[in-house]
Amino acid sequence: EVYVACQSMLIVLVGAVPEYHIDQVGLPASRAELAKHIHFADNFTSIVTEASTSWYLIEQEAYKVSLASSLFFAGLLIGNITFGPLSDKLGRKPVYISGLFFDVVFGYVTALAPNYDIFAVSRFFVGIVNGGMALVSFVLTQEYVGKSFWSFTGSLTNLTFAVGIAVYALLGYWVREWRSLALVSNTPGVIFLLLSFMLPESPRWLYSQGKMAEAEDVLQYIALGNGKERLDLKLKPSAGTLRKDESAPGILSLVKQPVLWWRTIILMYIWYVCSVVYYGLTLNAGELRGNLYLNVALSGLVEVPAFPLCMFFIEKSWSGRRKTMACFLIFAGSACIFTTFSPNNAGLLFSPTWLALCGKMMVSAAFNILYIYTSELYPTVLRNAGLGVCSMSCRFGGILAPFVPSMKSLSPSVPFMVFGISGLSAGFLTLLLPETLNKPIAESIEDLQSPKYQVLKNE
């Protein structure tokens, strides 16, 4: 997740626009002429300052920075659509490792791109493999442990993403040349790739596919790694285990099952809102007053307190997943709306910057719960497909997010009103979903119809 965060936030520093002036009246007729008359003030480089006539992304070319960011999120959309169903059919581990390998390859292409066009295309392909790989790795992490640990592992996974944002800001502070920064932030992917070959396949996926012997071997491996003695373990076949003449459930199964159809529609909107607000506020950190690197680091570190709060509330019977996520989304929306009415001299507690950071903390908490909650709402045979479809709508939000801050040209309050209204609406829609706390995880579609999956364990 640290590596995923560095790739996701790359454009914040690599695409930063330093102060500059043009030492002649009016814009030069050509970009080659512009290069002779433009002077950048700050001591760092970016794709904006690249000394080539095919770069210099200022004035009429400034939109290309946001375009490169949107292409990355468009790639995430495609990756979520394709990698989820693939991992449901081919297995979590091979799809995850393949995605990480190509993520590293295209990451180096980004760093060495000779012109903007190759840079933008490479960001698109990085988005495809980065989004798909991150989605599968999250599911793989969850399926290594029992459901009672899902809130912990899910929160820890998202916590490391937040820490990754701060790590990337620290790297950017020490490495001011953008190509070197892209290389340095991409290189840890090589280490993670080599370590990933040691991971076993998901035992839950093997079980859902009827591969009992392999699932038992993985569980034995995990038990021995935990210091346990060899277990006398024999799994019973799942009620939804596929026969050899049956095809694996796919995305169409989400449409055919009414219970999953309505869940998916609501979840898609919530994922979309979380993405718009989360990435909109994160990418907007580069435009806040003060030190660029400190603002980026704070936008990551402000998320850290959200995770212990999540872990506390989502395990309580009086709050659970649904109510907690609804409250965080409503608080995030309210903080963004209050930002529009707060004057710049309101003091630290009610300053626009502080309220924006509070909104970021709240929406990151909601995003954290959303991953865990969505995983629990889908059966194992459709978990990656369900997450993939929901993440697809999330990426539509990511595509739009880089352009929302630019709406301040209409009015300074417009971006935060968009964030605020979106957060409030998603929060209230969350209340229409069922609670999953203390309910068993469905392994197959048939399990959703079983009475034991409709009631709480302690009832």
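Residues numbered from 1 in each chain as written. Predicted model: local features only at pLDDT ≥ 70, side-chain atom pairs only at ≥ 80, totals over all residues. Heavy atoms only, no water.

An unreviewed UniProt entry lists the protein under the name Solute carrier family 22 member 15-like, with Calypte anna as the source organism. Taken verbatim from the UniProt record of the protein, the Subcellular location (unreviewed entry) comment is "Membrane". (UniProt positions renumbered as here; feature names shortened; annotations may be inferred.)

Check the secondary structure of the protein and you find 20 helices and 2 strands. Within the protein, the proportion of its 459 residues that are buried is 54%. The long-range fraction of contacts in the protein, counting pairs at least 24 apart against all pairs at least 6 apart in sequence, stands at 77%. Approximately 20100 Å² of the protein is accessible, and the part contributed by carbon and sulfur atoms is 67%. (Helix = DSSP H or I, 4+ residues; strand = E, 2+ residues; numbered from the N terminus. Buried < 20%, exposed > 50% of the residue type's maximum accessible area, 1.4 Å probe, protein only. Contact = heavy atoms within 4.5 Å. Areas by Shrake-Rupley, 256 points an atom, 1.4 Å probe, with all protein chains shown as cover.)

Time to look at the side chain of Ser 8. Here Ser 8 is to be found in helix H1 (residues 2-8). The class of Ser 8 is buried, set by a relative accessible area of 5%. Not counting residues within four places of it along the chain, the set of residues in contact with Ser 8 comprises Phe 72, Asn 130 and Phe 161.

Time to look at helix H15 (residues 306-313). The set of residues buried in H15 consists of Ala 306, Phe 307 and Cys 310. One side of H15 holds all its buried residues, which, seen down the axis, span an arc of 95°. In this structure, the buried residues of H15 make contact with helix H7 (150-174), helix H16 (320-341) and helix H17 (352-377). (Arc of directions from axis to C-beta.)

Once that is clear, we can look at unusual backbone geometry. For residues other than glycine, phi is negative in most cases, and the peptide bonds are mostly trans. Of note in the backbone geometry, Asn 438 takes a positive phi value of approximately 65° without being a glycine. Overall, Asn 438 belongs to the partly exposed group, its relative accessible area being 36%.

What follows covers the packing of helix H5 (residues 92-112) against helix H6 (residues 116-143). Where H5 meets H6, the closest approach of the two axes is 8 Å, and the angle between their N-to-C directions is 150°. Comparing the axis directions of H5 and H6 gives the class roughly antiparallel. Between H5 and H6 lies a crossing of left-handed hand. Classifying every residue of the contact of H5 with H6 by side-chain character gives 15 nonpolar, 6 polar and 4 charged. (Axes fitted to C-alpha atoms, helices over the stretch in contact; angles between N-to-C directions. Parallel < 35°, antiparallel > 145°, perpendicular 65-115°, else oblique. Left-handed = near helix turned anticlockwise from the far one by under 90°. Nonpolar A, V, L, I, M, F, W, Y, C, P; charged D, E, K, R; others polar.)

Applying the stated criterion across every chain, the model contains 6 salt bridges. Put simply, Arg 92 and Asp 88 hold a salt bridge, and the shortest N to O gap is 2.6 Å. Its relative accessible area of 4% is what places Asp 88 among the buried residues. The network of salt bridges with shared partners includes Asp 88, Arg 92, Glu 143 and Arg 383. (Salt bridge = Lys/Arg side-chain N within 4 Å of Asp/Glu carboxyl O.)

It is worth spelling out the packing of helix H4 (residues 63-90) against helix H18 (residues 383-400) at this point. Axis separation between H4 and H18 bottoms out at 8 Å; the angle between their running directions is 175°. Looking at the two axes, H4 sits roughly antiparallel to H18. Within the contact between the two elements, H4 uses Ser 70, Phe 73, Ala 74, Leu 76, Leu 77, Asn 80, Ile 81, Gly 84, Pro 85, Ser 87 and Asp 88 and H18 uses Arg 383, Asn 384, Ala 385, Gly 388, Ser 391, Met 392, Arg 395, Phe 396, Gly 398 and Ile 399. For the contact of H4 with H18, the residue count by class is 10 nonpolar, 8 polar and 3 charged.

Here the focus is the packing of aromatic side chains. In this structure the tally under the stated criterion is 20 aromatic pairs. Measuring from ring centre to ring centre gives 6.3 Å for Tyr 269 and Tyr 272, while their planes differ by 35°; the resulting arrangement is tilted. Taken together, the positions of Tyr 269 and Tyr 272, both in helix H13 (residues 258-283) and 3 residues apart, correspond to about one turn of that helix. Since its relative accessible area comes to 31%, Tyr 269 is described here as partly exposed. Looking at Tyr 272, the relative accessible area reads 25%, which means it is partly exposed. Relative to Tyr 371, the ring of Trp 271 lies with its centre 4.8 Å away and its plane at 65°, an arrangement referred to as edge-to-face. Placement of the pair is Trp 271 in helix H13 and Tyr 371 in helix H17, with a sequence separation of 100 residues. Assessed through its relative accessible area of 0%, Trp 271 is described here as buried. Owing to a relative accessible area of 14%, Tyr 371 belongs among the buried residues under this scheme. Three or more aromatic residues joined by ring pairs make a cluster, and in this case those are Phe 72, Phe 73, Phe 138, Phe 161, Trp 271, Tyr 278, Tyr 279, Phe 367 and Tyr 371. Across from the ring centre of Tyr 173, 5.1 Å away, lies the NZ or CZ of Arg 176, which sits over that ring. Across from the ring centre of Tyr 278, 4.8 Å away, lies the NZ or CZ of Lys 360, which sits over that ring. (Phe/Tyr/Trp six-rings, centres within 6.5 Å; stacked < 30°, edge-to-face > 60°. Lys NZ or Arg CZ within 6 Å of the ring centre and 35° of its normal.)

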